[in-house]
Amino acid sequence: MQTTTTTRNTPSMATHETNPPMPSEEKTAMMQAIVQDSYGAPLDVLALRDIERPAIGPDDVLVSVRAAGVHIGDWLVGSGLPYIIRLGYGLRKPKTAIPGMEFAGVVEAVGDNVKMFHSGDAVFGWGTKAFAQYVSVSQDSLMRKPANISFEQAAVVPISGFTALQALRDSGRVKRGQKVLIIGASGGVGTYAVQIAKSYGAEVTGVCSTRNTDMVRALGADHVVDYTKEDISEAGEHYDVILEPATVPYLVYAVR
Ligand SMILES: NC(=O)c1ccc[n+]([C@@H]2O[C@H](COP(=O)([O-])OP(=O)(O)OC[C@H]3O[C@@H](n4cnc5c(N)ncnc54)[C@H](OP(=O)(O)O)[C@@H]3O)[C@@H](O)[C@H]2O)c1
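As a starting point, this report considers the structure included with it. As the structure is a computational prediction, the values presented were derived from the model and not from experiment.

As a further point, take the overall build of the protein chain. The secondary structure content of the protein chain amounts to ten helices and twelve strands. With 256 residues in all, the protein chain has 34% of them scored as buried.

Written out as structure tokens, the structure is:
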């Protein structure tokens with residue numbers, strides 16, 4: 001990351017160097033963020049810069065970010081590859097200059113309609129522009145951080161964890177005693193899916209490659225199938241719910 005060099009060269013830093021100090025109110029309205037002005041590899045395009053702190057609307061929460069997760073989506077959007085995604089995320093450069101989709105931190109301020117969160121609450125959630133000192137998100141995108149996990153641990157849960165939760169709880173409607181097959185059990189979604197299915201009391205079979213079988217077993221899977229050695233479709237087993245990562249990106253569904 002070109003942090004030092006780029007920061008020195010940014011217009012906002014030039015203003016700091018030449019002008020007298022800003023009044024304290026204006027100072028607190030600034031923050032540092034990781035920004036990117038073009039598509040490319042992270043080391044080539046990411047830079048640390050001083051920018052304005054985000055504002056909050058009546059239903060929003062301003063979170064002081066302690067840790068941000070680097071999601072696969074950040075890599076895709078940041079690189080602009082495959083090219084088709086640029087139709088949605090910006091033709092020549094990313095529409096959103098600040099990457100970051102998931103985070104954990106401490107509530108700094110809340111909008112007038114926010115009753116569930118208060119200043120000082122430890123929270124985690126998803127949104128946009130999380131690679132920054134502060135992020136502004138809807139209260140609906142936040143949860144309280146459990147005390148027994150760190151900010152770093154909480155920051156990587158939201159997107160993959162909730163994808164797994166939605167697939168198993170909402171689509172699959174997993175119940176105690178059911179047999180659940182999780183294909184891709186060692187992946188971003190699958191590692192959460194194994195643990196969630198176990199917490200629902202299911203009998204879990206996880207599918208992964210040889211190097212990850214111990215890890216999937218350690219996550220709680222009752223049975224592990226190594227797809228490099230066995231074809232799960234030929235095993236003759238029947239399952240109540242199957243979590244199958246689709247070949248189409250960003251689609252995971254549970255087949256009952
Ligand atoms: N990550 C997210 O937050 C998210 C959100 C929404 C949708 N999705 C979608 O969910 C799917 C999975 O995403 P992910 O992030 O979990 O992917 P990932 O981290 O790359 O994991 C892929 C998983 O698939 C396994 N796998 C690879 N080849 C296989 C084969 N031939 N047979 C069976 N298993 C095989 C891998 O096992 P080994 O590593 O052991 O080889 C690994 O467990 C993708 O379609 C993605 O677009 C992901």
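This brings us to the site of the ligand. The environment of the ligand is made up of 22 residues, and the closest members are G184, G187, G188, S209 and P245. When grouped by side-chain class, the residues that make up the shell around the ligand number 13 nonpolar, nine polar and no charged.

A separate point is the sheet that holds strand β7 (residues 142-144). What the five strands build is an open sheet, ordered β6-β3-β4-β5-β7; its pairing is antiparallel. Only two strands of the sheet have a single partner each, and these edge strands are β6 (134-138) and β7. Going across the sheet, the axis of each strand differs from the next one's by a mean of 45 degrees, ignoring polarity. In terms of strand pairing, strand β5 (residues 122-126) meets β7 through three bridges, oriented antiparallel. Among the inter-strand pairings, F124 is bridged to a residue of β7, identified as M143.

With 29 residues, the main nonpolar core has V63, V65, F103, A130, A132 and V135 as its most contacted residues. Within the residue set of this core, elements represented by two or more residues are β1 (30-36), β3 (60-69), β4 (102-110), β5, β6 and α7 (151-155). Setting aside residues up to four positions removed in sequence, A132 forms contacts with M31, A33, I34, V65, I98 and G100. The next biggest cluster of nonpolar side chains, apart from the first, holds 26 residues, and it includes A164, L168, V189 and V204.

Rules of the game
Residues numbered from 1 in each chain as written. Predicted model: local features only at pLDDT ≥ 70, side-chain atom pairs only at ≥ 80, totals over all residues. Helix = DSSP H or I, 4+ residues; strand = E, 2+ residues; numbered from the N terminus. Buried ≥ 20, exposed ≤ 12 C-beta atoms within 10 Å, placed from the backbone. Near = placed C-beta within 6 Å. Nonpolar A, V, L, I, M, F, W, Y, C, P; charged D, E, K, R; others polar. Pairing = 2+ DSSP bridges. Axes fitted to C-alpha atoms, helices over the stretch in contact; angles between N-to-C directions. Core = buried A, V, L, I, M, F, W, Y, C linked by C-beta atoms within 7 Å. Contact = placed C-beta atoms within 7 Å.

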